[in-house]
Amino acid sequence: GVINLYFFYPSTADNVLKKYHDLIGRPYMVPFWALGFHQCRWGWKSLAKVKEVVSKLEEADIPLEVMWGDIDYMHNKTDFTIDPVNYKGLPEFVDDLHKKKIRYVPIIDAGLNYSTTDKYIMKGERNGAFIKSANTSRTLIGNVWPGLTAYVDFLSPYGDQLWKEGLTDLYEMMKFDGIWLDMNELANWCDNGECYYNWTNTKGAKDPHDFHEFDKLPYTPGGSPLYKNTISMTGYHHSYNDFQDKNYKEYNMHGLWPVYQEKSTHEFLKRHLEKRPFIMSRSSFVGAGLYTCLLYTSPSPRDLSTSRMPSSA
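Rules behind the numbers
- Residues numbered from 1 in each chain as written.
- Predicted model: local features only at pLDDT ≥ 70, side-chain atom pairs only at ≥ 80, totals over all residues.
- Heavy atoms only, no water.
- Axes fitted to C-alpha atoms, helices over the stretch in contact; angles between N-to-C directions.
- Helix = DSSP H or I, 4+ residues; strand = E, 2+ residues; numbered from the N terminus.
- Parallel < 35°, antiparallel > 145°, perpendicular 65-115°, else oblique.
- Left-handed = near helix turned anticlockwise from the far one by under 90°.
- Contact = heavy atoms within 4.5 Å.
- Nonpolar A, V, L, I, M, F, W, Y, C, P; charged D, E, K, R; others polar.
- Buried < 20%, exposed > 50% of the residue type's maximum accessible area, 1.4 Å probe, protein only.
- Arc of directions from axis to C-beta.
- Polar contact = N/O pair within 3.5 Å; in protein donor to acceptor, adjacent residues only side chain to side chain.

Student: Sorry, what's going on with the packing of helix H2 (residues 47-59) against helix H3 (residues 90-99) here?
Tutor: The description of two helices packed together rests on the angle between their axes and the distance between the axes. Two numbers describe how H2 lies on H3: the axes approach to 11 Å, and their chain directions differ by 15°. The pairing of H2 with H3 is recorded here as roughly parallel in orientation. Regarding H2 and H3, the two cross each other, and that crossing is left-handed. Of H3, the residues touching H2 (which contributes Leu47, Val50, Lys51 and Val54) are Leu90, Phe93 and Leu97. Class assignment for the residues of the contact of H2 with H3 results in 6 nonpolar, no polar and 1 charged.

Student: Help me understand helix H4 (residues 119-127) in this model?
Tutor: Because each turn of an α-helix spans 3.6 residues, side chains separated by three or four positions end up pointing in the same direction. Turning to H4, its buried residues are Tyr120, Ile121 and Gly124. Seen along its axis, H4 keeps its buried residues to an arc of 95°; they face one direction. Lining the buried residues of H4 we find strand E4 (111-113), strand E6 (147-151) and helix H5 (157-173). For H4, the N-terminal cap is Asp118; the gap from its side-chain oxygen to the backbone nitrogen of Tyr120 is 2.9 Å. Of the residues trailing H4, Gly128 is marked for its positive phi of about 70°.

Student: What should I look at first to understand unusual backbone geometry in this one?
Tutor: Excluding glycine, residues mostly carry a negative phi; peptide bonds, for their part, are mostly trans. The residue after Glu185, namely Leu186, is reached through a cis peptide bond having omega 10°. Among the secondary structure elements, Leu186 is positioned in the loop between strand E7 (179-182) and helix H6 (250-253). Residue Asn76 is not a glycine yet carries a positive backbone phi of 55°. Structurally, Asn76 can be placed in the loop between strand E2 (66-69) and H3. Among the residues examined, Asn76 registers a relative accessible area of 55% and is labelled exposed. Residue Lys101 is not a glycine yet carries a positive backbone phi of 65°.

Student: How should the environment of Tyr158 be read in this particular structure?
Tutor: Looking at where Tyr158 falls in the secondary structure, it is placed in helix H5. Each residue touching Tyr158, except ones within four places of it in the same chain, is listed here: Asn127 and Ala129.

What follows is the structure, given as structure tokens:
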């Protein structure tokens, strides 16, 4: 990608760090409650289980400031939804937590469920709100937890607007206190960087195995193509002439995507909560401390020495 070099030449190491943070911005102050005791786990299949955990913590007199919600709370693992059966009553439960001065932080994944009936997908397709495929000149399709997914293009004003609309819809259902951003490397489980669900019927489409001009470089970490477990580096973002020049390649924008997502989420939380935002993100880049307070590595059964999941952190 693009390399920007900056040189700092103060007399001491401390002053170098100060100049560095003058350039990238200083980390924002997290809300006080974020420094307390948190409880989070993937695999709680029902709200009843979550209630049981909170109750047992109370019985054992174990402090609790924050409960987290993994993808189990979603309907079909789809962003901006709540499971109407297994997590029925979640908004009321969150209200009860607030009465006990306990906060609630739900997870939001990077990929939106690519369903032709999904309102965010329909609106995003109409307005050019998603990252596009260089192969088809249509929305780049990946595969994550809900199945086929599209990825919001935060360089598009419509993309930023669509993301905040989804967060607003969820907040109107459930008064959460922060956001957990996950799978935002961007993660993608399709081979070759995108899902060619209909590429043979697309006029002018090329064989996906021969299309990755920015993916198959002379050297890549671990020897795998850059699209391994993420989207194709040939995908492109919105530009000043509305996608026409295809110059804003994922190859150059990859590390910046989570920062734009964090910035958009930070702006939403600050506007709606009128308090210090709390965001935890799995991926990030230089300067993201202006918007997000924590980074984490997702636990995996794979040996870390052989893991090739790309991360911008």
